[in-house]
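# Coordinate analysis (summary)
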Amino acid sequence: MQFDAILKPKKANRQKKPKKDDEEILDRFADEEVSRLREAMLGAAADDEQANRDKLPATNKLKLLPQVMEVLRKQSLSQSIMDNNLLEGVRRWLEPLPDRSLPALNIQRDFFPILKRMEFIDSAVLKESGLGRVVLFYTKCKRVTSDVQRLANELVSTWSRPIIKRSASYRDRVVPIAEEDSTERTNERLNAILARAKEERCYDPQKDIGTYTVAPRTSASVMKGNASVDTDTVRRKVNAERLRTLSRKMATRA
């Protein structure tokens, strides 16, 4: 009993550290961890670029990939990832190598799904890290696999919504309706096109002859053409007269 009595005051006199101090310590540790990882990512990217120039296997990023993914998956480190611009390292890893080859497929397939889950990425983060340009490149590059390109397109669509003020919900999307005046103008243009087409379909060559105050001079080729037409007319009349004569003779014999 005396022992308990002695310990009780000591327990009561114990002072706990303020919770705010504990949070600051944890934040500092998180910042240091993310900052070290960022430097390691940039170093691995530089080493792989040099190895690519030297025609050697670029494997430094692949060796560091498990450690990078472990940090990126921790939602508690989201603030530290933003504050220390860890996404700059992600951008460097996704960039093509000096020979224009894409990074390892493992890196692409690990990074794009995790980026899609990072809801804290906004225009400021994209501008600081330069990540948006690389993801846009993956939407256009023909050498990117279909699954990675689909995720890249989804990321671009998600990141561009705040810029163009488009909601992700289909219920919020507004379908534009043509105004009455514009509809009338469209109908007028359509009627004019249809009327013109009808005129062209019923084309009268006599309209293009025109009127003259001075008769045009007839060329030799035109005169020759007119002579041939007159000859054909005479020949048809002669043939018709012969046919009528033959018909009368046959009727008389009958």
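It should be noted that the structure appears before, not after, this text.
Here is a short report on the structure shown in this document. (Residues numbered from 1 in each chain as written. Predicted model: local features only at pLDDT ≥ 70, side-chain atom pairs only at ≥ 80, totals over all residues. Heavy atoms only, no water.)

Broken down by element type, the protein chain carries 11 helices and 0 strands. Taken from N to C terminus, the helices and strands of the protein chain fall in the order α-α-α-α-α-α-α-α-α-α-α. Expressed as a percentage of its 254 residues, the buried residues of the protein chain come to 25%. Contacts in the protein chain between residues far apart in sequence, at least 24 positions, make up 69% of those at least 6 positions apart. Carbon and sulfur atoms provide 53% of the accessible area of the protein chain, an area that totals close to 19900 Å². (Helix = DSSP H or I, 4+ residues; strand = E, 2+ residues; numbered from the N terminus. Buried < 20%, exposed > 50% of the residue type's maximum accessible area, 1.4 Å probe, protein only. Contact = heavy atoms within 4.5 Å. Areas by Shrake-Rupley, 256 points an atom, 1.4 Å probe, with all protein chains shown as cover.)

The next subject is the packing of aromatic side chains. For the structure shown, the criterion picks out 3 aromatic pairs. Residues Trp 93 and Phe 111 carry aromatic rings whose centres are separated by 5.8 Å and whose planes lie at 25° to one another, so their mutual orientation is stacked. Within this pair, whereas Trp 93 is found in helix α5 (residues 86–94), its partner Phe 111 is found in helix α6 (residues 105–116), the two being separated by 18 residues in sequence. The class for Trp 93 is buried, based on a relative accessible area of 0%. Linked through ring pairs, Phe 112, Phe 137 and Tyr 138 together constitute an aromatic cluster. (Phe/Tyr/Trp six-rings, centres within 6.5 Å; stacked < 30°, edge-to-face > 60°.)

Attention shifts here to the side chain of Thr 139. Within the secondary structure, Thr 139 is located in helix α8 (residues 131–140). According to the relative accessible area criterion, Thr 139 is buried, its value standing at 16%. Those residues in contact with Thr 139, other than ones at most four positions away along the chain, are Gln 149, Ala 152, Asn 153 and Val 156.

Structurally, Pro 162 can be placed in helix α9 (residues 146–164). Overall, the relative accessible area of 61% leaves Pro 162 in the exposed class. Taking the C-alpha atoms as reference, Pro 162 lies 8.4 Å from Ser 123; in sequence the two are 39 residues apart.

Moving on to the layout of surface pockets. Where empty space is left in the structure can be found by rolling a water-sized probe over the atoms. For the largest pocket, the calculated volume is near 190 Å³. Here the residues of the lining of the largest pocket are counted per class, giving 5 nonpolar, 2 polar and 4 charged. (1 Å grid on protein atoms, 1.4 Å probe; cavity = no way out; pocket = protein on both sides within 12 Å on 5 of 7 lines; lining within 4 Å. Points joined across faces, edges and corners; volume = space filled by probe spheres on them. Nonpolar A, V, L, I, M, F, W, Y, C, P; charged D, E, K, R; others polar.)

This next bit is on helix α3 (residues 60–72). An ideal rise of 1.5 Å per residue puts 18 Å on 13 residues; α3 measures up with 18 Å between its terminal C-alpha atoms. The axis of α3 is deflected most strongly, by about 40°, at Pro 66. Regarding α3, the residues found buried are Lys 61, Leu 64, Leu 65, Val 68, Met 69, Val 71 and Leu 72. (Expected span 1.5 Å × (residues − 1). Bend = angle between axes of the 7 residues up to and from the residue.)

Glancing now at the nonpolar core. Ranked by size, the top nonpolar core spans 41 residues in total, and within it Leu 72, Leu 87, Trp 93, Leu 94 and Phe 111 carry the most contacts. At the level of secondary structure, the elements contributing two or more residues to this core comprise α2 (19–53), α3, α5, α6, α7 (123–129), α8 and α9. Excluding anything up to four places from it in sequence, Trp 93 contacts Met 41, Ala 44, Ala 45, Lys 61, Leu 64, Leu 65, Val 68, Pro 103, Ile 107 and Phe 111. (Core = buried A, V, L, I, M, F, W, Y, C linked by side-chain atoms within 4.5 Å.)

Our next topic: unusual backbone geometry. Backbone geometry at Asn 85 places phi at a positive 55°, although glycine is not the residue there. Here Asn 85 falls in the buried class, since its relative accessible area comes to 11%. Phi angles above zero are rare outside glycine, and Arg 100 is one such case at about 70°. Inspection of the secondary structure puts Arg 100 in the loop between α5 and α6. Taking the relative accessible area as the measure of exposure, Arg 100 reaches 66% and is therefore exposed.

Those residues of α8 that sit buried are Leu 131, Val 134, Val 135, Tyr 138 and Thr 139. Considered in projection along α8, the buried side chains sweep an arc of 150° and stay on one side of the axis. Residues of α8 that are exposed and point more than 90 degrees away from the buried face comprise Arg 133 and Lys 140. (Arc of directions from axis to C-beta.)

On the surface, a cluster of negative charge is contributed by Asp 22, Glu 23, Glu 24, Asp 27, Asp 83 and Glu 128. In terms of residue count, α2 provides more of the negative patch than any other element does, 4 residues in total. The residue Asp 22 is located in helix α2 in this model. Since its relative accessible area comes to 34%, Asp 22 is described here as partly exposed. (Patch = residues over 30% accessible without salt bridge, like charges linked within 9 Å, V, L, I, M, F, W, Y side chains within 5 Å. Salt bridge = Lys/Arg side-chain N within 4 Å of Asp/Glu carboxyl O. Lys, Arg positive; Asp, Glu negative; His and termini not counted. Charge placed at Lys NZ, Arg CZ, Asp CG, Glu CD.)

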